[in-house]
Amino acid sequence: MGEGRIWRKVEKEIEKGEKQQRKEYRVGEKERSSWEGDKVATSQLLSPPLPSPPLLPQCCQPLQSPRGSPLRLLSTMTQAEIKLCSLLLQEHFGEIVEKIGVHLIRTGSQPLRVIAHDTGTSLDQVKKALCVLIQHNLVIYQVHKRGVVEYEAQCSRVLRMLRYPRYIYTAKTLYSDTGELIVEELLLNGKMAMSAVVKKVADRLTETMEDGKTMDYAEVSNTFVRLADTHFVQRCPLVPATENSDPGPPPPAPTLVINEKDMYLVPKLSLIGKGKRRRSSDEDATGEPKAKRPKHTTDNKEPIPDDGIYWQANLDRFHQHFRDQGIVSAVANRMDQVISKWVGQWLSGIFTYLQMWPLAYSQSQHSRVNSEFQFTFQTQTSSEIVRTMLRMSEITTSSSAPFTQPLSSNEIFRSLPVGYNISKQVLDQYLTLLADDPLEFVGKSGDSGGGMYVISILMGDLHKALGSLATATLESVVQERFGSRCARIFRLVLQKKHLEQKQVEDFAMIPAKEAKDMLYKMLSENFISLQEIPKTPDHAPSRTFYLYTVNILSAARMLLHRCYKSVANLIERRQFETKENKRLLEKSQRVEAIIASMQATGAEEAQLQEIEEMITAPERQQLETLKRNVNKLDACEIQVDETIFLLESYIESTMKRQ
């Protein structure tokens, strides 16, 4: 009985405690609901103090900068990318701009005074550095609700500086030397007015011409208009005119906007004149010394006709051109070789058959069949049709669009090159063949106008071609790094998708010990991955299948990271070579300057020979070696950048498909 009373007492105490907890919970809910209803009104009057956050262990505390402010690290940035950005900024703009740019890349968006405090740089130097970075589109800014302006670095735009030589070479290929210099000036200066670009390019071209010849402003202006029409250059956003008329205090930072219709609209300028040659330092263009120049010449400057309208290079358009070239190459490798081989065999059979009947086979028929046979092997019809379609839609289709604009068969036929002699019927057959291809590179979207066709940029053959190129790049790296046997295993795993270690040994015909070492080497370098398939939920090793596989996307990302490290190493090596021979380079430049000035004054050959002998034979040989090494390093940078562009295109295409 005593034990029964005790248990009943315990049960009553438990029920009493539960009732008290439910009562406190209902009271808390009422207070919480009333607080939620008055929260908006209360927040307008005052901001209640927030409860202090719980203390975190030291390993979880936010990182601190040298000045004590927390660092907001960007998880998407790797150390290799940050190092490469640092080297590019230092090489192009100097140490101060590099210091500010790298700080923004590491910490994210920050206001002006925080940047000056954390970097230990004066406010004036930070302002100048930010002006340079904004001028070259390497930093953007935004105004928050409290009126604070924060600046944020564009790492991807900084990395594009590595591709400047390729942009310039593309402009030279498409628009000759004039287009090359226009794009070069825009890339070196960030943003420029059209009139300033035209005058600068005309002067530079005049310097390279023979005496008595000059470059006209109109010719340079026409090339600039062609670049704008094909969207290789575009206008910069401007401050809208309505902001100046609004009463009240000015905003802390201007808002730049631009209409898409005006982005490639070239202002009508009447630039009349010709390029001028550079005179010596002590004379001006009129041949008078500087001391005799009239002082009022600086006050009579004419207003710039296109003042306030600035232009910049459209890097996305250049990338679109690179992508289009890849599309044309993919179609040529996929279609033209197969078609040429098949048609060639067909014509060869007809040619042999007709030779068996000499009475029915005249000389004119022989020449006609022979010409058709030669025409088949000399033309790239499929790739030329695709190139024409891309050229027609390069302006109307954005660089991120999955498909081009629909084009009719009649429009494609009228837009083919002038000397391309194919009939409309043959064109329709080629378009049908491209549309029926299993890779679905060209698709048919309608029947009007003889058939409407589009090019699948992301869903068609380009993605598969990029995948093939990325795979070939990975295979090449594996073979160079680990040898031909590892490359055989890599190709085997890539082909079979999933293989156990025993299957790899059997299929590759490699001893078990060597195969195991090779697999573990590639596994440690992240070229292949290991997938576990357990038989039971406990993941016991004895009851688990271990399959080797190749994840091309992750391997491409790993290789892209290594490419960034390789480019950084190449830049550092080039800088080291230049620094080690700095004295010799300065001496060579002084000698070249003296020779150039003496040639301009009409010096004799003996005098020039005496000046050239100031550089000894060993020094000249050392200069040749240095020049050869620097050229090799520059060529390596360009080749690695091509691999970077390929891997970036493949990763971007794969992510968009997902």
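What you see is a predicted model, and the numbers here were worked out from it, not measured in a lab.

**So, the pairing of strand β3 (residues 149–153)**
Now for step 1: Taking burial as the measure, the 5 residues of β3 include 4 buried ones, the bulk of the element.
Now for step 2: In the sheet, strand β1 (residues 110–111) pairs with β3 via 2 bridges, with the strands oriented antiparallel. Paired with P111 across the two strands is E150, which belongs to β3.
Now for step 3: When strand β2 (residues 139–143) meets β3, the two strands line up antiparallel, connected through 5 bridges. Within the sheet, the bridge partner assigned to Q142 lies in β3 and is E150.
Now for step 4: What sits between β2 and β3 in their antiparallel hairpin is a turn of 5 residues, with G147 showing a positive phi close to 85°.

**A short note on the sheet that holds strand β4 (residues 192–193)**
Now for step 1: An order of β4-β6-β5 is seen for the 3 strands of this open sheet, with the pairing classed as antiparallel. What marks the edges here is a single partner per strand, and that holds for β4 and β5 (233–235).
Now for step 2: When β5 meets strand β6 (residues 310–313), the two strands line up antiparallel, connected through 3 bridges. By the bridge assignment, V233 is partnered in β6 with A313.

**Concerning the packing of aromatic side chains**
Now for step 1: According to the stated counting rule, one finds 9 aromatic pairs in the structure shown.
Now for step 2: Between Y141 and Y151 the ring centres are 6.4 Å apart and the planes differ by 55°, which places this aromatic pair in the tilted class. Here Y141, found in strand β2, pairs with Y151, found in strand β3; they are 10 residues apart in sequence, far enough to count as distant.
Now for step 3: A relative accessible area of 26% places Y141 in the partly exposed class.
Now for step 4: Ring centres of Y175 and F232 lie 6.1 Å apart, and the angle between their planes is 75°; this geometry places the pair in the edge-to-face category. Placement of Y175 in helix α8 (residues 164–189) and of F232 in the loop between α10 (217–229) and β5 is noted, with a sequence separation of 57 residues between them.
Now for step 5: Y175 gets classed as buried once you look at its relative accessible area, which sits at 9%.

**Quick word on the sheet that holds β2**
Now for step 1: Here we have 3 strands laid out as an open sheet, ordered β1-β3-β2, and antiparallel in their pairing. Two strands bound the open sheet, and with one partner strand each, they are β1 and β2.
Now for step 2: Docked against the sheet, helix α4 (residues 95–107) engages β1, β2 and β3, running at close to 95° with respect to β3.

Quick notes on the rules
- Residues numbered from 1 in each chain as written.
- Predicted model: local features only at pLDDT ≥ 70, side-chain atom pairs only at ≥ 80, totals over all residues.
- Heavy atoms only, no water.
- Buried < 20%, exposed > 50% of the residue type's maximum accessible area, 1.4 Å probe, protein only.
- Helix = DSSP H or I, 4+ residues; strand = E, 2+ residues; numbered from the N terminus.
- Pairing = 2+ DSSP bridges.
- Phe/Tyr/Trp six-rings, centres within 6.5 Å; stacked < 30°, edge-to-face > 60°.
- Contact = heavy atoms within 4.5 Å.
- Axes fitted to C-alpha atoms, helices over the stretch in contact; angles between N-to-C directions.

Taken by themselves, the reported measurements are silent on function.
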